[in-house]
Amino acid sequence: MSIIKRGDTIGLIACSDGRPLKYKDRLKELEKVLSDMGLDLEWASTIYQQNDTPFSGTPKERADELMRLFTSDHVKAIFDISGGDAANQILPYLDFDLIRKHPKWFVGMSDLSVINNALLTCTGLPTVHFAISTLIGRHAERQREWFINAFMQEKDVLKQTDFAYQWLRGESMEGVVVGGNLRCFLKLSGTRYFPDLNQKVLFLEALGGKSARMASMLSQLEQIGAFSACKGILLGTFSEMQDTKQKPSIEDLILHITEKYHLPIAKTERLGHGSDAIGIPIGLNLAF
């Protein structure tokens, strides 16, 4: 069954950092693209930066707007257009019991990894790690085709692993996917929002950060028991590391720190912060 169809209304919100006012033209372009797909938009009031701050509203105001979109009968799915640092501010203000009674897909990536995983942990609802802004990016035509197939057709694209990947260790793995942006995912560590990693496929990607920072965060994952619990690891793109050809590479770092756990590890260039990055479900079982 398709997630959304022509004539449906989707919600757009910025739960992390607000968008600068100069972003308005980009959002008008996105609105036109979505309208051409036959979709109506319900905009949250918390989109743009307010009062000379990075935020589109207080944590409670942003949470209230997300709750409004979840409980609205005419909004069929929610797409977050933000990123940055502030998404975890809203978690204490969300009514997860009420969200569970109004299930719908939440789609966002980067700092929205905290909401993706918190929703899975506290409601059991799957989400999608994907940036809707790629529909107006450098690979817009390709991304729009993927979006329509994944969200608007009855093809179960989100349940498939037909994107290209290569094995760094092992040759197969299967499990419910958790994770997302490495830095942001770790912000949930030690909180009630952190997902159970037991027998999960741990998906990790990153935008900024060189070898030392990634080594530090991978060490934190090991120290909280992530690698002894999970069933396998899927790496997306690590943009700064790959762009600057860092040594050790992310592949070297992950192979070294997981050596004693004998985990299967795969790497793909189709998931992450690239303008051609597709989506992956957080909370669904995938087989590689």
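The coordinates are above.
Notes on the structure in this doc start here.

Rules used in this analysis
Residues numbered from 1 in each chain as written. Predicted model: local features only at pLDDT ≥ 70, side-chain atom pairs only at ≥ 80, totals over all residues. Heavy atoms only, no water. Pairing = 2+ DSSP bridges. Helix = DSSP H or I, 4+ residues; strand = E, 2+ residues; numbered from the N terminus. Axes fitted to C-alpha atoms, helices over the stretch in contact; angles between N-to-C directions. Phe/Tyr/Trp six-rings, centres within 6.5 Å; stacked < 30°, edge-to-face > 60°. Buried < 20%, exposed > 50% of the residue type's maximum accessible area, 1.4 Å probe, protein only. 1 Å grid on protein atoms, 1.4 Å probe; cavity = no way out; pocket = protein on both sides within 12 Å on 5 of 7 lines; lining within 4 Å. Points joined across faces, edges and corners; volume = space filled by probe spheres on them. Nonpolar A, V, L, I, M, F, W, Y, C, P; charged D, E, K, R; others polar. Core = buried A, V, L, I, M, F, W, Y, C linked by side-chain atoms within 4.5 Å. Contact = heavy atoms within 4.5 Å. Salt bridge = Lys/Arg side-chain N within 4 Å of Asp/Glu carboxyl O. Parallel < 35°, antiparallel > 145°, perpendicular 65-115°, else oblique. Left-handed = near helix turned anticlockwise from the far one by under 90°.

**Examining the sheet that holds strand β7 (residues 174-181)**
Logical step 1: Pairing is mixed in the open sheet, where 6 strands are placed in the order β6-β10-β9-β8-β7-β12. Single-partner strands in this sheet number two, and they are β6 (166-169) and β12 (285-287). For this sheet, the mean angle separating the axes of adjacent strands, direction not counted, is 35°.
Logical step 2: Direction of pairing for strand β8 (residues 201-206) relative to strand β9 (residues 232-238): parallel, over a ladder of 5 bridges. Note that in β9 the partner of phenylalanine 203 across the bridge is leucine 234.

**Quick look at the packing of aromatic side chains**
Logical step 1: Throughout the structure, instances matching the rule amount to 14 aromatic pairs.
Logical step 2: Judged by centre distance (5.4 Å) and plane angle (70°), the ring pair of phenylalanine 79 and phenylalanine 151 falls under edge-to-face. Here phenylalanine 79 is found in strand β3 (residues 75-80), whereas its partner phenylalanine 151 is found in helix α5 (residues 140-151), with 72 residues between them in sequence. Across the pair, phenylalanine 151 and phenylalanine 79 agree in class, each one buried.
Logical step 3: When the ring of phenylalanine 185 is compared with that of phenylalanine 194, the centres are 4.9 Å apart and the planes differ by 35°; the resulting orientation is tilted.

**Regarding the environment of leucine 21**
Logical step 1: You can see leucine 21 is positioned in the loop between β1 (9-13) and α1 (24-36).
Logical step 2: Overall, the relative accessible area of 55% leaves leucine 21 in the exposed class.

**Considerations on the pairing of β8**
Logical step 1: The element β8 is largely enclosed, with a buried count of 6 among its 6 residues.
Logical step 2: What you see with β8 is no split at all: Val201, Phe203 and Glu205 on one side and Leu202, Leu204 and Ala206 on the other are buried throughout.
Logical step 3: Alignment of β7 against β8, held across 5 bridges, turns out to be parallel. Paired with valine 177 across the bridge in β8 is valine 201.

**Some remarks on the layout of surface pockets**
Logical step 1: Here the largest pocket is characterised by a volume of approximately 480 Å³.
Logical step 2: Lining the largest pocket we find 23 residues, and of these Gly83, Met109, Ser110, Leu207 and His273 sit closest to its centre.
Logical step 3: Partitioned by chemical class, the residues of the lining of the largest pocket number 8 nonpolar, 11 polar and 4 charged.

**Details of the nonpolar core**
Logical step 1: Phe147 and Phe151 are the most contacted members of the largest nonpolar core, which totals 97 residues.
Logical step 2: In terms of residue count, the dominant contributor to this core is helix α4 (residues 113-123) (6 residues).
Logical step 3: Aside from chain neighbours lying at most four places away, what touches phenylalanine 151 is Ser2, Ile3, Ile4, Phe79, Val107, Val128, Phe130, Trp146 and Leu158.

**Considerations on the pattern of salt bridges**
Logical step 1: Taken as a whole and judged by the stated rule, the model has 10 salt bridges.
Logical step 2: Note that lysine 60 is salt-bridged to aspartate 64, the shortest N-O span being 2.9 Å. With a gap of 4 residues between them, lysine 60 and aspartate 64 both fall in helix α2 (residues 59-71), about one helical turn apart.
Logical step 3: Of the charged contacts, one joins arginine 183 and aspartate 85 as a salt bridge, the two residues approaching to 3.0 Å between their closest N and O atoms. One end of the pair, arginine 183, is in helix α6 (residues 182-185); the other, aspartate 85, is in the loop between β3 and α3 (96-101), with 98 residues separating them in the sequence.

**Details of empty space enclosed by the protein**
Logical step 1: As enumerated under the stated definition, the model contains 1 cavity of 30 Å³ or more in all.
Logical step 2: Put simply, the largest cavity is a space of about 60 Å³.
Logical step 3: Looking at the largest cavity, the residues that line it are Trp146, Val157, Leu158, Gln160, Asp162, Phe163, Ile278, Gly279, Ile280 and Pro281.

**A look at the packing of helix α7 (residues 211-223) against helix α10 (residues 250-257)**
Logical step 1: Contact geometry for α7 and α10: axes closest at 10 Å, N-to-C directions at 25°. Classified by the angle between their axes, α7 and α10 sit roughly parallel to one another. The hand of the α7/α10 crossing is right-handed. Side by side, α7 and α10 meet where Ser211, Met214, Ala215, Leu218, Ser219 and Glu222 of the first sit next to Ile250, Leu253, Ile254 and Ile257 of the second.
Logical step 2: Its residues assigned to classes, the contact of α7 with α10 shows 7 nonpolar, 2 polar and 1 charged.

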